[in-house]
Amino acid sequence: MPKSSADEKILSYNDVVLRQSDLGILNGPYYLNDRIIEFYFSYLSSSHPSEHILLVPPSITFWIMNCPDISSLNDFLQPLNLPSKQLIIFPVNNNDDVTAVEGGSHWSLLAFEKATNVFVHHDSYGGMNKNDAKRLYRTLVPYTGGSGSRYVECESSPQQVTGYDCGLYVLAIAKEICDWFDGNSTKNEDLWFAKVDERVTPERVSGLRVEILELITSLRGRK
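Residues numbered from 1 in each chain as written. Predicted model: local features only at pLDDT ≥ 70, side-chain atom pairs only at ≥ 80, totals over all residues. Heavy atoms only, no water.

Asks: Now, about the packing of aromatic side chains: what can you tell me, with residues and values included?
Replies: Within a pair of aromatic rings, the relevant descriptors are the distance that separates the centres and the angle that separates the planes. With the rule as written, the count across this model stands at 9 aromatic pairs. With centroids separated by 5.5 Å and ring planes inclined at 45°, the aromatic side chains of Tyr 137 and Tyr 151 adopt a geometry described as tilted. With Tyr 137 in helix 5 (residues 130–140) and Tyr 151 in strand 7 (residues 150–153), the pair connects residues that are 14 residues apart, well separated along the chain. One exposure class covers both Tyr 137 and Tyr 151, and it is buried. Grouped by ring-pair contacts, the aromatic residues Phe 112, Phe 119, Tyr 137 and Tyr 151 constitute a single cluster. (Phe/Tyr/Trp six-rings, centres within 6.5 Å; stacked < 30°, edge-to-face > 60°. Helix = DSSP H or I, 4+ residues; strand = E, 2+ residues; numbered from the N terminus. Buried < 20%, exposed > 50% of the residue type's maximum accessible area, 1.4 Å probe, protein only.)

Written out as structure tokens, the structure reads:
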């Protein structure tokens, strides 16, 4: 049986395969799926090639949050080498049903910055994912080498003006955090907050859909 046009493979980038349906999501006013977030995280990893930065794919974050056997997490997380990382970024989804593929209704971002030993949660919809982010934080603490680490809810995090752009805010904030990390030799308690507040605006976030589509077109042209 031939594949539908929605299943047509558009781009294979690192370990991520994008399909025609993903372009449809980016073209329309739709909620981002796991693949698009994983693709852009992979692109950011390539753009910021550092052994100290780790952008964790949505599927890995989901399993960390919802693994039914906590005792097995150590083996699962070992290849990520979390204690060696200075900056770790996780996309947080409010789906807690392991049987629901691409479930959930909201994305947010949890970032761990080792120099200040702090986990920061950015939520573009009034803290909707606060409980999910705290659950992820509590699970991660024993595996990051961050004994005594703090959890901070970023109250000044930029807020979305639509009901479907939460994933774009995650991508935009992740980019600014990576840029901040690369551009600052000294880290302090202020972290990346001012940079995110200045640069992650509704206009920039809205334009990110076109920017990602253009990036995909450019990468396809190199194949």
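Asks: Summarise the nonpolar core; cite the residues concerned and give the values.
Replies: Of all hydrophobic cores here, the largest spans 48 residues; its most connected members are Phe 39, Ile 89, Ile 177, Trp 192, Ile 212 and Ile 216. Looking at this core element by element, the count peaks at 12 residues for helix 6 (residues 166–183). Sequence-distant contacts of Ile 216, defined by excluding residues within four places in its chain, comprise Ile 10, Leu 11, Leu 18, Leu 23, Leu 26 and Phe 39. Ile 64, Leu 82, Phe 90 and Leu 140 belong to the second largest nonpolar core, which has 20 residues in total. (Core = buried A, V, L, I, M, F, W, Y, C linked by side-chain atoms within 4.5 Å. Contact = heavy atoms within 4.5 Å.)

Asks: With reference to specific residues and values, describe unusual backbone geometry.
Replies: Positive phi, close to 50°, is recorded for Asn 14, a residue that is not glycine. Among the secondary structure elements, Asn 14 is positioned in the loop between strand 1 (9–13) and strand 2 (16–19). Of note, the phi angle at Leu 191 is positive, near 50°, even though the residue is not glycine. The topology assignment puts Leu 191 in the loop between helix 6 and helix 7 (193–199). A residue is classified by how much of its surface remains accessible, and Leu 191, at 9% relative accessible area, is buried.

Asks: Go over the layout of surface pockets, please, and point to the residues and values.
Replies: The calculated volume of the largest pocket comes to roughly 250 Å³. Along the walls of the largest pocket sit 16 residues, with Asp 34, Phe 62, Asn 95, Ala 100 and Glu 102 positioned nearest its centre. The set of elements that each furnish at least two residues to the lining of the largest pocket consists of helix 3 (58–66) and strand 4 (87–93). By residue number, the principal contributor to the lining of the largest pocket is helix 3, which donates 5 residues. Tallied by class, the residues present in the lining of the largest pocket amount to 9 nonpolar, 5 polar and 2 charged. The space that makes up the second largest pocket amounts to roughly 170 Å³. Contributing to the lining of the second largest pocket are Asn 14, Asp 15, Val 16, Glu 38, Phe 41, Ser 42, Ser 45, Leu 55 and Pro 57. In terms of residue count, helix 2 (residues 34–47) provides more of the lining of the second largest pocket than any other element does, 4 residues in total. (1 Å grid on protein atoms, 1.4 Å probe; cavity = no way out; pocket = protein on both sides within 12 Å on 5 of 7 lines; lining within 4 Å. Points joined across faces, edges and corners; volume = space filled by probe spheres on them. Nonpolar A, V, L, I, M, F, W, Y, C, P; charged D, E, K, R; others polar.)

Asks: Residue-level account of a nonpolar patch on the surface, with values.
Replies: Residues Trp 63, Phe 76 and Val 98 make up a contiguous nonpolar surface patch of about 250 Å² in total accessible area. With respect to the element layout, Trp 63 can be found in helix 3. Residue classification places Trp 63 among the partly exposed positions, given a relative accessible area of 32%. (Patch = residues over 30% accessible without salt bridge, like charges linked within 9 Å, V, L, I, M, F, W, Y side chains within 5 Å. Areas by Shrake-Rupley, 256 points an atom, 1.4 Å probe, with all protein chains shown as cover. Salt bridge = Lys/Arg side-chain N within 4 Å of Asp/Glu carboxyl O.)

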